[in-house]
Amino acid sequence: MLNAELQYFILHNFLLFLVLITAISYLTRGANAPSIHSKTPAVLLFLFMVLIIGYRDWTSPLFGDSNTYGNYLKLATSPESVWYSKSKLFGYIYYYWHKWNLSAESFFLLSALIYCAPMYALSKKLKNSRSPFLPLLFFATSLIWYSFGVNGIRNGWAFAMILWAIYYYDRPFLFYAFLALGYAIHGSVMLTIGAICVTRYYAKPKSMLLFWLGCVLLSVIIGRYAEDIFLQYDFIAEEGEGYLSLEEEVNDDVTFSHTGFRWDFVLYSVIPILWGYYNIIKSQVKDKYYDWIFCTYVLANAIWVLVIRANFSNRIASLSWFLIPIVIVYPLVRMHNFRNQNQTIAITLILYYGFTYGMWLIS
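Here the structure is a predicted model, which is why all the values come from computation and not from measurement.

### Re the packing of aromatic side chains
Next, step 1: Evaluated as defined, the whole model comprises 46 aromatic pairs.
Next, step 2: With centroids separated by 6.1 Å and ring planes inclined at 25 degrees, the aromatic side chains of Trp164 and Tyr168 adopt a geometry described as stacked. Note on accessibility: Trp164 and Tyr168 belong to one class, buried.
Next, step 3: One aromatic cluster in this structure is built from Trp58, Tyr69, Tyr72, Trp83, Phe90, Tyr94, Trp97, Phe107, Phe108 and Trp157.
Next, step 4: The residue whose ring lies beneath Lys88 is Tyr84, and the NZ or CZ to ring-centre distance is 5.2 Å.
Next, step 5: Here the basic side chain of Lys125 rests over the ring of Tyr167, its NZ or CZ set 5.1 Å away from the ring centre.

Following this line, the structure appears as structure tokens:
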């Protein structure tokens, strides 16, 4: 396994290479760019995503909770030994992993596969006439993709189940089954699940935008009072309280350096909102699926804004931020709202990963 520093270097610079090559392809060759039609680059990128997460040096403190997850495998002498109080599913997985004498490395490889598989599946669904490579690249270059693959495994699994639910939007049984499974894995995703269910039946972009603005104003006015209200609820108190109040040292590209009303991360959150506003309202393109995704993001993000002053509220923000790749890439591959679509793809991709790369440099 590569040491943590070298792995981060390879990860970010290899993705930078892919972004630049892809952007140049769209700018110079347009519709003839090999990444548009070929499936091979998407498969290779998927394998890279799985391996770079799965074969990490999990003993390094730079990977946050990975050390805890790895060491717990040695302690799982019964289903109730570890994780059971928080996730019975993980309690049994750890028990049988210990019983069958399987390695921590194989567990992390499985985790990476579970985490990344729905991203590849969704990319294939979203691709339309283009290759799944472009949507998958937006997943891989998002701000929180790597962090939640290596730090907080249950979060990553829960996010993966929600992505499967999004994939099975038109199959209600599987849709709700994956949402239920996501909640069983990590209860804090109830916020996103609630937003998904509300917007499935009420996806009104203009109304959601007004609600988001109202939450921003309310957060500015009432301050920490909103946080006190949310901590009264079980899905925050039991699963998310650590997100809001624990003092811990974690090397995380998206950990807030200080608390308070973070206008910088509000601005980061508003970029997908403005993007969706242009593609839905300004361009007046009707797409029920995109309306739903966009409204889910806006609603979940609005709730985060109410607790933005709390310690580690970035972890609540992640419950909406993990939808950003879909919000951004969907119009690029499924809508035709731009005069020069290929140029827009190239510029958007560079700016999108430029922020992630910059956050890595300063972290």
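Having put the structure on the table, let's press on.
### Considering the side chain of Ser320
Next, step 1: Note on placement: Ser320 falls in helix α17 (residues 314-321).
Next, step 2: For Ser320, the side chain forms a polar contact with the side chain of Asn301, separated by 3.1 Å.
Next, step 3: There is a polar contact of 2.9 Å between the side chain of Ser320 and the backbone oxygen of Ala317.

### Quick word on unusual backbone geometry
Next, step 1: Its identity as a non-glycine residue notwithstanding, Asn101 has a phi of 60 degrees, on the positive side.
Next, step 2: Mapping Asn101 onto the fold places it in the loop between α5 (88-99) and α6 (104-126).
Next, step 3: For Asn101, a relative accessible area of 68% translates into the label exposed.
Next, step 4: Positive phi is not limited to glycine here, since Gln284 has a value of about 55 degrees.
Next, step 5: Mapped onto the elements, Gln284 comes out in the loop between α15 (263-282) and α16 (288-306).
Next, step 6: In this structure Gln284 comes out as exposed when scored by relative accessible area, which is 63%.

### Structural notes on the side chain of Ser111
Next, step 1: By the element assignment, Ser111 lies in helix α6.
Next, step 2: Under the relative-accessibility criterion, Ser111 is labelled buried at 4%.

### Some details on the packing of helix α1 (residues 4-28) against helix α3 (residues 40-54)
Next, step 1: Packing of α1 against α3 brings their axes to within 12 Å, and their N-to-C directions diverge by 165 degrees. In terms of axis orientation, α1 runs roughly antiparallel to α3. Like other packed secondary-structure pairs, α1 and α3 cross with a definite hand, here left-handed. For the pair α1 and α3, contact is made by Gln7, Leu11, Phe14, Leu15 and Leu18 and by Leu45, Phe48 and Ile52, respectively.
Next, step 2: Per-class residue counts for the contact of α1 with α3 are seven nonpolar, one polar and no charged.

### Things to note about the nonpolar core
Next, step 1: Residues Trp145, Ile166 and Trp321 are the most contacted members of the largest nonpolar core, which totals 126 residues.
Next, step 2: Among the elements that take part in this core, α16 stands out by supplying 15 residues, more than any other.

### With respect to the packing of helix α11 (residues 190-201) against α16
Next, step 1: Close contact between α11 and α16 brings their axes to 8 Å; oriented N to C, the two are set at 135 degrees. With respect to α16, the element α11 is oriented oblique. The way α11 lies across α16 gives a crossing that is right-handed. Within the contact between the two elements, α11 uses Leu191, Ala195, Ile196, Val198, Thr199 and Arg200 and α16 uses Trp292, Cys295, Thr296, Leu299, Ala300 and Ile303.
Next, step 2: For the contact of α11 with α16, the residue count by class is nine nonpolar, two polar and one charged.

### Some words on α15
Next, step 1: Between its first and last C-alpha atoms α15 spans 25 Å; for 20 residues at 1.5 Å apiece the expected length is 28 Å, and the helix comes up short by more than 12%.
Next, step 2: Of all the bends found along α15, the most pronounced is centred on Val270 and spans about 25 degrees, while Pro272, a proline, follows it within four residues.
Next, step 3: When α15 is considered as a whole, its buried residues turn out to be Phe265, Val266, Tyr268, Ser269, Val270, Pro272, Ile273, Trp275, Gly276, Asn279, Ile280 and Ile281.

### Considering the environment of Ser60
Next, step 1: The topology assignment puts Ser60 in the loop between α3 and α4 (66-75).
Next, step 2: Residues Ser60 and Glu5, spaced 55 residues apart in sequence, show a C-alpha to C-alpha distance of 9.5 Å.

Conventions used here
- Residues numbered from 1 in each chain as written.
- Predicted model: local features only at pLDDT ≥ 70, side-chain atom pairs only at ≥ 80, totals over all residues.
- Heavy atoms only, no water.
- Phe/Tyr/Trp six-rings, centres within 6.5 Å; stacked < 30°, edge-to-face > 60°.
- Buried < 20%, exposed > 50% of the residue type's maximum accessible area, 1.4 Å probe, protein only.
- Lys NZ or Arg CZ within 6 Å of the ring centre and 35° of its normal.
- Helix = DSSP H or I, 4+ residues; strand = E, 2+ residues; numbered from the N terminus.
- Polar contact = N/O pair within 3.5 Å; in protein donor to acceptor, adjacent residues only side chain to side chain.
- Axes fitted to C-alpha atoms, helices over the stretch in contact; angles between N-to-C directions.
- Parallel < 35°, antiparallel > 145°, perpendicular 65-115°, else oblique.
- Left-handed = near helix turned anticlockwise from the far one by under 90°.
- Contact = heavy atoms within 4.5 Å.
- Nonpolar A, V, L, I, M, F, W, Y, C, P; charged D, E, K, R; others polar.
- Core = buried A, V, L, I, M, F, W, Y, C linked by side-chain atoms within 4.5 Å.
- Expected span 1.5 Å × (residues − 1).
- Bend = angle between axes of the 7 residues up to and from the residue.

The values are spatial; any link to function lies outside them.
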